[in-house]
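Each chain is listed here by its residues.
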Amino acid sequence: MQQHEIRRFVERYFTANGCALLEAHDDYLTVQLTAEMDKELMNRPFYWHYIERTGGVPQPMQLTLITRANERTDKLKGERLHFGAPRLHQLFRSAQKRGSFIRLYEEPNAPLNGNAALHPWLGMNVVISYECDRKKDEIVSLGIHLISGTIVESFHERLRERRLTPKIPDYCFTISPLIKPRSGIGRLEQYIESRIGADDHTWAEEARRRWADDLALLDEFYKDCEEKPECYYIEKEALEKQYKPRIIVSIVNGGLFYLLPRQP
Amino acid sequence: MNIDLEMDRTWKEEFLERVEKDGPWASWEMYELALEAAHHLIVPEFDGLQAPKHLPHVTILPHQLEVARRVVEEMNGKAILADEVGLGKTIEAGLILKEYMIRGLVKKALILVPASLVSQWVRELNEKFFIPAVQQKKSYVWEQCDIVVSSIDTAKKPPHRDIIYEQPYDMIIIDEAHKLKNNKTKNYEFVQNLKKKFCLLLTATPIQNRIEEIFNLVSLLKPGHLGSAEQFANTYGKTRAVQANDHLKALVNKVMIRNRRADTPIEWSKRHVEPVLIEFTDEERELYEAVKALRHASFAGSFSLITLLREACSSREALFLTIKNMIDKCGEAVPEPLERVLEKINAVTTNSKAEKALELIRSINDKVIIFTEYRATQLYLQWFLKQHGISSVPFRGGFRRGKKDWMQELFKHHAQVFIATEAGGEGINLQFCRHVINYDLPWNPMRLEQRIGRVHRLGQTDDVYIYNFAVKQTVEEHILTLLYEKIRLFERVVGELDDILAKMNLTNLEHYLEDAIVHSRSEGEMKIKMENIIAMIELAEQLRREGGQRHAAT
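Residues numbered from 1 in each chain as written. Chains lettered and ligands numbered in written order. Predicted model: local features only at pLDDT ≥ 70, side-chain atom pairs only at ≥ 80, totals over all residues.

Caption draft 1: Looking closely at the overall build of chain A. Along its length, chain A carries nine helices and eleven strands. Since a compact globule built from 264 residues should have a radius of gyration of about 18 Å, the 26 Å found for chain A marks it as more spread out than a globular shape. With the C-alpha coordinates of chain A rotated into their principal frame, the extents come out at 80 × 60 × 45 Å. The burial tally for chain A puts 30% of its 264 residues in the buried class. Put simply, 68% of the contacts in chain A that link residues at least 6 apart link residues at least 24 apart. (Helix = DSSP H or I, 4+ residues; strand = E, 2+ residues; numbered from the N terminus. Rg over C-alpha atoms; globule rule 2.2 N^0.38 Å. Buried ≥ 20, exposed ≤ 12 C-beta atoms within 10 Å, placed from the backbone. Contact = placed C-beta atoms within 7 Å.)

The structure is reproduced here in structure tokens:
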């Protein structure tokens, strides 16, 4: 992540959460936190507890975040943001918490002749993690048409091309899903499983080979022991933890999208 | 496929609940930001390192990056990091830990280090690596904190020991791991019973160890890598040093990484080494001769003449303590020779070495570290310098953790001189100082290297000055001229002598020297023995050079 990307991310994050930008420069920005964001980010529960109990006037903090060091920013009292900075990772976590569930409607580009039907879709962005003693992740964006059951990939990219709004637009109506959201998710999960099944799993075979090699060494080490000491079993368990391949699917976010059917 | 698959179900339940309740829903912008954050947080490849991207403010040297890469990609996260002193093993370990944490493969880690280094590790991990490491102070810390730094002596004791065994640690890091060379110790057993998914053992001096010690260290990390104890004894039992057997060397190198200063393209500041010869006063000379005469004395109780001689060269205080102990053991009748020594001790009024040190410290007019082998000398020096208006701080291995840090800080900001005994040589960083006085020389070259390594390490930008004290016509002069001048120890690349000694099975150099000095019946015999040692070392050096050329040619 480049510094200018961090700068952009931070500005979008605070704007999206209703915080006023007091100063916004290429190299730093100062934001006035709202009470809600102060509670979320500044870790001062006692202050908020005190204000609420005494009925005092809350004074949310201001935050200065520096994304490029230079003569001007060196003099500022602020936090330096870079990709490893704990503050940035806090914002990442907060964004993921606040951006997990969504429901949107597509707004037609041109005025409609009469009414338009919006079709229900369920979208999900998932991270597939391949883990052994090494690790790799992949992000997959899926969408399922809750009428026909059609599943498409790169769903999020398709969404980006459309105008979406949280309220149902005028002269539009939604078609009720034939497939309920619960079973829609179920179908997507099945899709993910078969997609993973079709993957190349050399990585897992290699991990199992490393595991078997180390296990053979361990057995050799204790082969003269009639009764294996406890550390043999501890070590054996540790090897399993170290090498045993597993795949973890976690969901970043997702939601319901009511979209206009596209002309072919 | 037959690979365990875990599907996150928590999102699903909460989503369905929100569908039911018709919200609340995120804005499109927040939704996009969440996905963007995920894109930044994922690890797209099995290979390569993510950590450097997270640590733009840390200068990571190429050899440190390479170590981290090899440990993760080739050694499956289990390794002995054995770089020479001062090449940044802590940085390497931090880098590897960070990498695994970013990849989500390590959540809980236990870091065992000498007591004097605990707070330094905590500081470095937090400040350099943004790893929220915590110093173990209360027993609940083991359970509540994910990254804990502790001394091994605390950790192995109940009730800590049992609590630790219950914790699902993903990574264990042990600093100064050469202390685990003996598999009969409690420390060894403690570490052996830890669950080691990933494990790093840090040591600067693995090669000087005897071959069984290497076996023990490797077996702790990866049992069976060198075979069982019996197989190992049968195959390599006759090999004295790892270096001598190419097969064994290759095997060890699979789990151990050792960088040498010479191999790194780093520009090191220069070392200036100056021998400082000191003349005894008449009283001091008489005392020394009286101690020497003990060689022919016969009385109950064994003693080490060499120790007494070395103490006599250090300070009368150091000698007095030992002599007093010997007298106490003799009971009522104090042997006449000891009585004589005591008399001579009382006659000495000055300390020529201390005078010289004072003169030197005044002319340097900058921070100075003095190393001595004896605690009595340390106390004396502190008193002596104070008499002359020079502030100093003492440092010993026995100090508690907090006191050590405090003393280090005191020296940095308030005192001119730092007086350390041998135990103080390990694991402290004093790069802000560039003058070292070896008040008495250790006979083990590796210990000397550890001392100098305190100031001559990464981060030292100035030239370093080393002053080696030796009193004329004493054992010290023999050591200085024969070892440190003829073998040119100080001019060598660090680690080179280490190799040579290992190759010649001369790892117990100290004993050879002691034998030459104490058991020789005449000056002539001693000279010959010393020259033999030098000849052996020279031969080894020659072989090493030729070996090097042969490797270069193929």
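Caption draft 2: Region of interest: unusual backbone geometry. The residue after G23(B), namely P24(B), is reached through a cis peptide bond having omega -5 degrees. Along the chain, P24(B) falls in the loop between α1 (10-21) and α2 (28-41). Put simply, P158(B) and P159(B) share a cis peptide bond, and its omega is 5 degrees. Position of P159(B) relative to the elements: it lies in the loop between α8 (152-155) and α9 (160-166). Non-glycine residue Y171(A) carries a positive phi angle of around 60 degrees. Note that Y171(A) resides in the loop between β9 (164-165) and β10 (172-174). Its identity as a non-glycine residue notwithstanding, N365(B) has a phi of 55 degrees, on the positive side. Inspection of the secondary structure assignment puts N365(B) in the loop between α18 (352-364) and β10 (368-371).

Caption draft 3: Spotlight on the pairing of strand β6 (residues 171-174) of chain B. Residues and elements named next belong to chain B. Burial along β6 is two-sided: M171 and I173 facing one way and I172 and I174 facing the other are all buried. Note: strand β3 (residues 109-112) against β6, four bridges, orientation parallel. Residue pairing in the sheet places I111 in a bridge with I173 of β6. Sheet topology note: the β6/strand β7 (residues 198-202) ladder contains four bridges and is parallel. Within the sheet, the bridge partner assigned to M171 lies in β7 and is F198. For the handedness criterion, the β-α-β arrangement of β6, helix α10 (residues 186-192) and β7 is classed as right-handed. (Pairing = 2+ DSSP bridges. Right-handed = clockwise from strand over helix to strand, strands pointing away.)

Caption draft 4: The domain arrangement of chain B, seen in detail. Taken domain by domain, chain B holds domain 1 (51-263), domain 2 (277-347) and domain 3 (352-553). Between domain 1 of chain B and domain 2 of chain B, the C-alpha centre-to-centre distance is 45 Å. (Domains from an automatic or database assignment.)

Caption draft 5: Structural view of the sheet that holds strand β11 (residues 392-395) of chain B. All names here are of chain B. Taken together, six strands build an open sheet; the order of strands is β9-β14-β13-β10-β12-β11 and the sheet is parallel. Of all strands in the sheet, those bounded by a partner on one side alone are β9 (271-278) and β11. Pairwise comparison of adjacent strand axes, ignoring direction, gives a mean angle of 20 degrees for this sheet. The pairing of β9 with strand β14 (residues 464-471) spans eight bridges and is classified as parallel. (Axes fitted to C-alpha atoms, helices over the stretch in contact; angles between N-to-C directions.)

Caption draft 6: Spatial organisation of the sheet that holds strand β4 (residues 133-135) of chain B. Across the sheet, which stays open at both edges, the seven strands sit in the order β4-β5-β3-β6-β7-β2-β8 (chain B) with parallel pairing between neighbours. Looking along the sheet, the strands with just one partner apiece sit at the ends: β4 and β8 (256-257) of chain B.

Caption draft 7: Structural detail: the environment of P52(B). Residues and elements named next belong to chain B. Looking at where P52 falls in the secondary structure, it is placed in helix α3 (residues 51-54). Under the C-beta neighbour-count criterion, P52 is labelled partly exposed, with 18 such atoms within 10 Å. Measuring from C-alpha to C-alpha, the distance between P52 and K472 comes to 54 Å, with 420 residues separating the pair along the chain. When neighbours within four sequence positions are excluded, P52 is seen to be in contact with I60 and L65.

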